[in-house]
Amino acid sequence: MTLMDQATTLRTLASRQTRASVIAVTSGKGGVGKSNIAVNLAIQFAAVARNVVLLDADLGLANADVLCNVELPFNLSHVISNKKALRDVMVRAPGGFRLIGGASGLARMADLSDYDRQRLVDSLALLEQQADIIIIDTGAGISPNVLSFTRSADDVLIVTTPEPTAITDAYAVIKVLSREGREHRRLSLLVNQIRTPNEARLVYDRISRVARQFLGVSVYDAGYIFHDECVSQAVRKREPFLLASPRCPASICMAQLAARLQNGLAVALPQPAGFFYRMSKWFWR
Ligand SMILES: Nc1ncnc2c1ncn2[C@@H]1O[C@H](COP(=O)(O)OP(=O)(O)O)[C@@H](O)[C@H]1O
Ligand SMILES: [Mg+2]
């Protein structure tokens, strides 16, 4: 799909939809590339959609602001402590999306009470009416903080690498999510840091086969991102790799990823209620 095709489809979707499509980027194991993928996916979508928001929900270990080299005068911890409204903590990031930064090094954020998490969810509900696409960097694992954000997303993008430990942990996430009984939600698998496309295929085939056989869920193939020195170089420069090296292999893979995910956004649109509304309902169940 060309950039023009992508733009046309996204504009059509945006004019039809009444709420944002929500993509949660998650993983079992840490360090697999979630934050880089979330930031660069936001940039990729911002090239064609008007209003893209990235929420750094890796509570306690947030670092999307570092990858983008933006100063965050305020972050989600100020929203939690009632010092700021959400709109006051949103900043423009390079590449044209808006970033809601998390807080780093605050144990209170990493271990939010149900009450605080609920207040955060309530304050985020407004965002759905104002954005076209919301991307959430959830952090790793299956803690309540992570699961509360993946719970009602339209699309949960599970990132793994070809390492056996990452694969095992990705499957563990799929297992937990599959038991939540949310059929409308799509689970997608992205294999990051691959050396050859065949390596990605083997990982996807293995995980999707076991998920189908033992969990009864189908996992969507979101594709792969090459292991690429441009990524770590860009991280060191504190510039998203899509902006630092738009023609590097990882950047080209990002365009393919956005195109694959976009297929699913259309499916997600008929959902009657917004993501954070659904999350709120879950909390009070
Ligand atoms: N496709 C890639 N190619 C090369 N290195 C990568 C790639 N993706 C991630 N990395 C490396 O992994 C590190 C961790 O990535 P990050 O996005 O912070 O992971 P997570 O958010 O899952 O903890 C990056 O700083 C980078 O050095
Ligand atoms: Mg991260």
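Now for a quick tour of the structure. No experiment lies behind these values; they were computed from the predicted model shown.

### Points about the site of ligand 1
For step 1, the next point in the chain: The environment of ligand 1 is made up of 15 residues, and the closest members are Lys34, Ser35, Asn36, Phe226 and Asp228.
For step 2, the next point in the chain: Contacts to ligand 1 include Asn36, whose side-chain N or O atom sits 2.8 Å from an oxygen atom.
For step 3, the next point in the chain: The fraction of the free accessible surface of ligand 1 (560 Å²) that becomes covered by protein chains is 80%.
For step 4, the next point in the chain: Its atoms largely coinciding with the cavity grid, ligand 1 occupies the largest pocket.
For step 5, the next point in the chain: Only helix H2 (34–46), strand E7 (186–194), strand E8 (220–226) and helix H12 (229–237) provide two or more residues apiece to the shell around ligand 1.
For step 6, the next point in the chain: For the shell around ligand 1, the class distribution of residues is 5 nonpolar, 8 polar and 2 charged.

### Thoughts on empty space enclosed by the protein
Empty space among the atoms becomes visible once a probe the size of a water molecule is rolled across them.
For step 1, the next point in the chain: This structure, assessed with the given rule, holds 2 cavities of 30 Å³ or more.
For step 2, the next point in the chain: Lining the second largest cavity, in full, are Asn36, Val39, Asn40, Leu67, Ala234, Val235, Glu239, Pro240 and Phe241.
For step 3, the next point in the chain: At the level of elements, H2 and H12 are the ones that each hand at least two residues to the lining of the second largest cavity.
For step 4, the next point in the chain: For the lining of the second largest cavity, the leading source of residues is H2, giving 3 residues.

### Structural notes on the pattern of salt bridges
For step 1, the next point in the chain: Here the structure, examined in full by the defined rule, presents 9 salt bridges.
For step 2, the next point in the chain: Between Arg117 and Asp114 there is a salt bridge; the shortest N-O distance is 3.4 Å. Placement of both Arg117 and Asp114 in helix H7 (residues 114–125) is noted, with a separation of 3 residues, approximately one turn of the helix.
For step 3, the next point in the chain: A residue is classified by how much of its surface remains accessible, and Arg117, at 6% relative accessible area, is buried.

Rules used throughout
- Residues numbered from 1 in each chain as written.
- Chains lettered and ligands numbered in written order.
- Predicted model: local features only at pLDDT ≥ 70, side-chain atom pairs only at ≥ 80, totals over all residues.
- Heavy atoms only, no water.
- Near = heavy atom within 4 Å.
- Polar contact = N/O pair within 3.5 Å; in protein donor to acceptor, adjacent residues only side chain to side chain.
- Areas by Shrake-Rupley, 256 points an atom, 1.4 Å probe, with all protein chains shown as cover.
- 1 Å grid on protein atoms, 1.4 Å probe; cavity = no way out; pocket = protein on both sides within 12 Å on 5 of 7 lines; lining within 4 Å.
- Sits in = over half its atoms within 2 Å of the grid points.
- Helix = DSSP H or I, 4+ residues; strand = E, 2+ residues; numbered from the N terminus.
- Nonpolar A, V, L, I, M, F, W, Y, C, P; charged D, E, K, R; others polar.
- Points joined across faces, edges and corners; volume = space filled by probe spheres on them.
- Salt bridge = Lys/Arg side-chain N within 4 Å of Asp/Glu carboxyl O.
- Buried < 20%, exposed > 50% of the residue type's maximum accessible area, 1.4 Å probe, protein only.

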